[in-house]
Amino acid sequence: MTRNDIIEKVNTLLSEEFEVDSALFTPDANVRDTLSLDSLSLVDLVALIQHTYKIKIPVTDLRNIHTFTDLYDYIESHLPNE
Amino acid sequence: MERRVVITGMGIWSCLGTTLNDVSNALYTGKSGIVFSRARKDAGFRSALCASVERPDLKPFVSRNLRQFMPEEAQYAYMATRAALEHARLDQDYIDHHEVGIIYGNDSVAESTMRSLDNFREYKDTSACGSGAIFQSMNSTVTMNLACLFRLKGINLTSSAACASGSQSVGLAYLLIRDGLQDCIVCGGAQEANLYGVAAFDGIQSFSTREDAPEKASRPFDADRDGLVPGGGAATLIVESYEHALKRGAPILAEIVSWGFSGNGDHISTPNVEGPVRSLELCLQHGGVTPQQIGYVNAHATSTRIGDAREAQAIARVFGDYRVPVTSTKSQTGHEMWMAGASELIYSILMMKNGFIAGNINFERPDENTACLYILPETREIGFDMFLSNSFGFGGTNSTLIVRNL
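Residues numbered from 1 in each chain as written. Chains lettered and ligands numbered in written order. Predicted model: local features only at pLDDT ≥ 70, side-chain atom pairs only at ≥ 80, totals over all residues.

Draft legend 1. Quick look at the overall build of chain A. Scanning chain A from terminus to terminus reveals five helices and zero strands. Along chain A, from the amino end to the carboxyl end, the secondary structure elements read α-α-α-α-α. In terms of overall dimensions, chain A is globule-like: its C-alpha atoms have a radius of gyration of 12 Å, near the 12 Å expected for 82 residues. Expressed as lengths along the three principal axes of its C-alpha atoms, the size of chain A is roughly 35 × 25 × 20 Å. Looking at the 82 residues of chain A, the share that counts as buried comes to 22%. A separation of at least 24 residues holds for 56% of the contacts in chain A among residues at least 6 apart in sequence. (Helix = DSSP H or I, 4+ residues; strand = E, 2+ residues; numbered from the N terminus. Rg over C-alpha atoms; globule rule 2.2 N^0.38 Å. Buried ≥ 20, exposed ≤ 12 C-beta atoms within 10 Å, placed from the backbone. Contact = placed C-beta atoms within 7 Å.)

If you want it as C-alpha cells, here you go:
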C-alpha cells in the first residue's frame, strides 16, 4: 500500500463518514476543524481508522495529530505488517 | 383549578403514509401496510410478515454529528415531530421563548445497541462503539434527541410502558397540563421497524404466519386470527392547555377529556379482563362520560387469540347493551407497539374530523369471545364527536384515553 493509496482511501472514507468535501482535505488543514469534530465525534474518527486499518489510536497519540499529513503519517507508520 | 387540555398538531410517519392526508385516505380505503420480508425469512424468522415503513432522509435537516445520536425510531420521531409542530403552528422562535416539554413513548433500541456492542466485541475496544452509541442505546433516546434538536425546555421524560407507551405519554402530558404544571408538551410514540427489534418477539411465536397473504394477516377480532404483525414508525401530538392554544392562535383539533389507567398485577404476557375494565371505567368516570356518549372505540386488539378475546370481553362489560362501533386500526398497520397509543389517537382524530370510521379490515366472522362487539368490517361514513382509545402492554399495563371533537 503506497502513501498515495492511503491518502486516497482515507480522504474517501472521511468524506463519506463526516459528509465533508474531500477537496478541503489539504495536507496542512486541521483535521478537527475541517471535519467539525468535537470530543464526541472524534471517537468516530478513531473507530473508522480502527475498523479500516486495524490501527488503534491511543488518546496520547491523538493529541499529536493535527493536520491531515499527521494523520496519513500515523497510519502509514502503524500499518500492520502484511 | 383543572384546565382543559387540547390537541393542536399531529404528525405521523407510518406504513399508511407520512402525511395526514395520505394516512386519512389510506384509512378510508382500507389499505394494508403489511408485506412479506425476504430479509426476515432469510434471517431465520418464523414469520416474515411486517409493516413496510419508509426510512426518512434527515440529511437536509440535521447535521451529521447530531444524526449520530439518532437511532431509527428517533429519526421517525423527528420527522413526525417536525410535521406536528408545523401543523400546530409552533415555530422555533416561539419554542425558544416559552417552556415546551416532551413526553414520548419508546421501550427499546435493539438494533443500534446490538451494532455498537458487536463492534465492541469484535475490536475489544469501547471506542469502537462509536460516538453515538450511548445516546442511541437508551430508551430515552427519542426524548433526549428531540429535546436538544428542537430546544425544548419543559419536562423531558420517556414513557416506557410496553405497548401502552404512546398512550401513557399523552395521558401523563394531559395530567401535567390539566393541573397547570406545563402549558404545552410534545407527545407521541416511536417504534423501530427493523427486524432485530422484534426477533425475540417472533421467538415466542406471537406473530401471524399467514405469509401467503400478508395483507390478510392482521385480523383483529376475527375468528381465524393467528397472531400479530409487527409495525413501526412514529406519531407526534402537540398537547396544550386550551387557554394557551387560544392565546397563541393555534388550530384546535380536539380535546383530551380524560385518561384512565390500571395494572393487571397478573401474568407478564397474558392479559386479563379485570385490568382493562378498570382502565376503561376509570377513564369514563374521570371524564364524567357515559358509555352512550362514546361514538367509536379504537381498540387495542392486535390480532392475537387471547388478547383480542379479553379486550372484547372488557369492552362488552363496560358498554353493556350499548352497541358502540369498534375497530382496530392494527388490521391495517400491524402492531405499532411503543408508537401505537399515539398513532391510534391520530388515526381516530383523522376519522372524527373526516366523518368516517375505518373498517376493521379482514374481520370476516367473530368467534365466541368477540361476537359480543359491534365491529365494523368495512369503512362507514359515520360521524362521531367523542371516541375512546385503548392501549395495553406486557406486564399488564393498561391505558385508555377519551378524546372529543372541537
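Draft legend 2. Expanded view of the overall build of chain B. Tallying secondary structure elements over chain B gives 16 helices and 13 strands in all. C-alpha atoms of chain B, sized along the principal axes, occupy 60 × 55 × 40 Å. Counting contacts in chain B only where the partners sit at least 6 residues apart, residues at least 24 apart contribute 81% of the total.

Draft legend 3. Looking closely at the UniProt feature "modified residue: O-(pantetheine 4'-phosphoryl)serine" (unreviewed entry) in chain A. Residues and elements named next belong to chain A. With numbering matched to this structure, UniProt assigns "modified residue: O-(pantetheine 4'-phosphoryl)serine" (unreviewed entry) to Ser39. If you trace the backbone, Ser39 turns up in the loop between helix H2 (31-35) and helix H3 (42-53). A count of 8 C-beta atoms within 10 Å places Ser39 in the exposed class. (UniProt positions renumbered as here; feature names shortened; annotations may be inferred.)

Draft legend 4. The packing of helix H13 (residues 274-287) of chain B against helix H14 (residues 305-319) of chain B, seen in detail. All names here are of chain B. Running from N to C, H13 and H14 point in directions that differ by 40 degrees, and their axes come no closer than 9 Å. The angle between the axes of H13 and H14 places the two elements in the oblique class. Here the hand of the crossing between H13 and H14 comes out right-handed. Of the residues in H14, those touching H13 at Pro276, Val277, Leu280 and Glu281 are Arg310, Glu311, Ala314, Arg317 and Val318. Here the residues of the contact of H13 with H14 are counted per class, giving five nonpolar, no polar and four charged. (Axes fitted to C-alpha atoms, helices over the stretch in contact; angles between N-to-C directions. Parallel < 35°, antiparallel > 145°, perpendicular 65-115°, else oblique. Left-handed = near helix turned anticlockwise from the far one by under 90°. Nonpolar A, V, L, I, M, F, W, Y, C, P; charged D, E, K, R; others polar.)

Draft legend 5. Structural detail: the interface of chain B and chain A. Taken together, the contact between chain B and chain A spans nine residues of the former and 12 residues of the latter. Residues that form the side of chain B that touches chain A fall into these classes: two nonpolar, five polar and two charged.

Draft legend 6. Geometry of the pairing of strand S7 (residues 233-241) of chain B. All names here are of chain B. Burial of S7 is extensive: eight of the nine residues sit out of reach of the surface. Here eight bridges tie strand S1 (residues 5-13) to S7, and the two strands are oriented antiparallel to one another. Opposite Trp13, over in S7, you have Ala234 as the bridge partner. (Pairing = 2+ DSSP bridges.)

Draft legend 7. Spatial organisation of the sheet that holds strand S6 (residues 184-191) of chain B. Residue and element names in this part refer to chain B. Taken in spatial order, the 11 strands line up as S5-S4-S6-S7-S1-S8-S13-S12-S9-S10-S11 in an open sheet, and their pairing is mixed. Edge positions in the open sheet fall to strand S5 (156-159) and strand S11 (374-375), since each of these has one partner strand only. Sheet topology places strand S9 (residues 296-298) next to strand S10 (residues 325-327); two bridges connect them, and they run parallel. Of the residues in S10, the one forming a bridge with Asn298 is Thr327. Contacting S1, strand S4 (100-105), S6, S7, strand S8 (254-263), S9, strand S12 (386-393) and strand S13 (397-405), helix H16 (residues 340-354) runs over the sheet at an angle of about 160 degrees to S12.

Draft legend 8. Fine view of unusual backbone geometry. All names here are of chain B. In this structure, Arg89 takes a positive phi of about 55 degrees despite not being glycine. Within the secondary structure layout, Arg89 lies in the loop between helix H4 (72-87) and helix H5 (92-96). With 15 C-beta atoms packed within 10 Å, Arg89 lands in the partly exposed category. Phi at Ala162 takes a positive value of approximately 50 degrees, unusual for a residue other than glycine. Accessibility expressed as a C-beta count within 10 Å gives 20 for Ala162, which makes it buried.

Draft legend 9. Expanded view of the environment of Ile204(B). Among the secondary structure elements, Ile204(B) is positioned in the loop between helix H10 (199-203) and helix H11 (214-217). Residues Ile204(B) and Asp183(B), spaced 21 residues apart in sequence, show a C-alpha to C-alpha distance of 42 Å.

Draft legend 10. Structural detail: helix H1 (residues 20-29) of chain B. All names here are of chain B. Those residues of H1 lying buried are Val23, Ser24, Ala26 and Leu27. One face of H1 carries all of its buried residues, which in axial projection span an arc of 160 degrees. Phi for Gly30, located one or two positions after H1, is positive at around 75 degrees. (Arc of directions from axis to C-beta.)

Draft legend 11. Structural detail: the nonpolar core. Residues Leu237(B) and Val239(B) are the most contacted members of the largest nonpolar core, which totals 119 residues. Here this core takes nine residues from H16(B), the largest share from any one element. Apart from residues lying up to four places away in sequence, Leu237(B) is in contact with Ile7(B), Met10(B), Ala84(B), Val170(B), Cys187(B), Gly188(B), Ala342(B), Leu345(B) and Ile346(B). Within the second largest apolar cluster, 19 residues are counted, among which are Leu35(A), Ile57(A), Ile75(A) and Ala133(B). (Core = buried A, V, L, I, M, F, W, Y, C linked by C-beta atoms within 7 Å.)

Draft legend 12. Helix H1 (residues 3-18) of chain A, seen in detail. An ideal rise of 1.5 Å per residue puts 22 Å on 16 residues; H1(A) measures up with 22 Å between its terminal C-alpha atoms. Glu19(A) lies just past H1(A) and shows a positive phi near 55 degrees. (Expected span 1.5 Å × (residues − 1).)

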